[in-house]
Amino acid sequence: MAVVDPAARRPRRWIVLAVVGVALALVAAVAWVGARALLAKGEFEALVPLAGDVRDAAARGDADALLALAPEFTDHSRRAAELTSDPLWRAAEALPLLGDDLAAIRIAGAQVNALAPIVPLAGDLGQRLQERSEGAIVDVALLREFSDDLVEATATVESASAAIHGIDTTTLLSPVAGGIRSLQDALGELQPMISGAAAASEVIPTVLGLDEPQTILIMFQNTAELRTGAASPDPSPSSVRMPARSP
């Protein structure tokens, strides 16, 4: 009978233990990512109706509703970003089949979280614009005050839009692809609204005489003019003098 040296068995034993250890680590990592994915799913599901409420409140100019929705929207978006941004999640994005979906979810969480501060900003601006002095159409000094924030918000929306539209939805699972497309559509609606508000905050205060007196010429086309846009013998010009206003 051959005698096996116990020392010769040790390398094999360590190889087996190493393989078992790696397998257990992989199982634990997959379980960790899976658990966080389920939690993130809950956060995104909570964000969907909130995003609809935010859109509706913005459309009707309800500043109080925006401010009321802001804390909950911010909390869910922050949690979604945190759950999908740890190192194990990023490592799992290299896996076949599900890697693209995990990457798309991470990008969506990060961008929604970046957009969250725009909700209270819009609510605050809308609420303060409603508090304008009697007889004033718009508080131009307040628009100037919010100008930098609106310009920054525009850059944030543009960056988020580029990131979200850069996701190839054709390779994703149907639920993930549907969520990304919905986010792309929402950003398409949000982008012109924010950029328009930013442009107005930069132009309107100057035009309406915040810095120095302005003269605005208003011309009305004569009703006898048959050719649209052609010269009129009596354009009936009027002018409005805008005095400078203190910030």
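Above this note sits the structure.
Procedures and definitions
Residues numbered from 1 in each chain as written. Predicted model: local features only at pLDDT ≥ 70, side-chain atom pairs only at ≥ 80, totals over all residues. Heavy atoms only, no water. Salt bridge = Lys/Arg side-chain N within 4 Å of Asp/Glu carboxyl O. Helix = DSSP H or I, 4+ residues; strand = E, 2+ residues; numbered from the N terminus. Buried < 20%, exposed > 50% of the residue type's maximum accessible area, 1.4 Å probe, protein only. Patch = residues over 30% accessible without salt bridge, like charges linked within 9 Å, V, L, I, M, F, W, Y side chains within 5 Å. Areas by Shrake-Rupley, 256 points an atom, 1.4 Å probe, with all protein chains shown as cover. Expected span 1.5 Å × (residues − 1). Bend = angle between axes of the 7 residues up to and from the residue. Contact = heavy atoms within 4.5 Å. Polar contact = N/O pair within 3.5 Å; in protein donor to acceptor, adjacent residues only side chain to side chain.

## What to know about the pattern of salt bridges
Thought 1: Inspection of every chain in the model, using the stated rule, returns 10 salt bridges.
Thought 2: Residues Asp 75 and Arg 78 are paired through a salt bridge, measuring 2.7 Å at the closest nitrogen-oxygen approach. Remark: Arg 78 and Asp 75 occur in helix 2 (residues 63–83); sequence separation between them is three residues, near one turn of the helix.
Thought 3: In this structure, Arg 78 and Glu 82 form a salt bridge, with 3.1 Å as the shortest nitrogen-oxygen distance. Remark: Glu 82 and Arg 78 occur in helix 2; sequence separation between them is four residues, near one turn of the helix.
Thought 4: Classification of Glu 82 by relative accessible area gives partly exposed; the value is 36%.
Thought 5: One salt-bridge network, in which partners are shared between bridges, spans Asp 75, Arg 78, Arg 79 and Glu 82.

## Let's talk about a nonpolar patch on the surface
Thought 1: A contiguous nonpolar surface patch, about 350 Å² in accessible area, is contributed by Leu 97, Leu 98 and Leu 173.
Thought 2: Inspection of the secondary structure puts Leu 98 in the loop between helix 3 (87–92) and helix 4 (99–115).

## Some remarks on helix 6 (residues 140–165)
Thought 1: Under the 1.5 Å per step criterion, the end-to-end length of helix 6 is 35 Å for 26 residues, consistent within 8% with the ideal 38 Å.
Thought 2: Ser 147 marks where helix 6 bends most, by close to 45 degrees.
Thought 3: Taken together, the buried positions of helix 6 are occupied by Val 140, Leu 142, Leu 143, Phe 146, Ser 147, Leu 150, Ala 153, Thr 154, Val 157, Ala 160, Ser 161 and Ile 164.
Thought 4: In the core, the buried residues of helix 6 are packed alongside helix 4, helix 5 (118–129) and helix 7 (174–207).
Thought 5: Looking at where helix 6 begins, the residue whose side-chain oxygen comes 3.2 Å from the main-chain nitrogen of Ala 141 is Asp 139.

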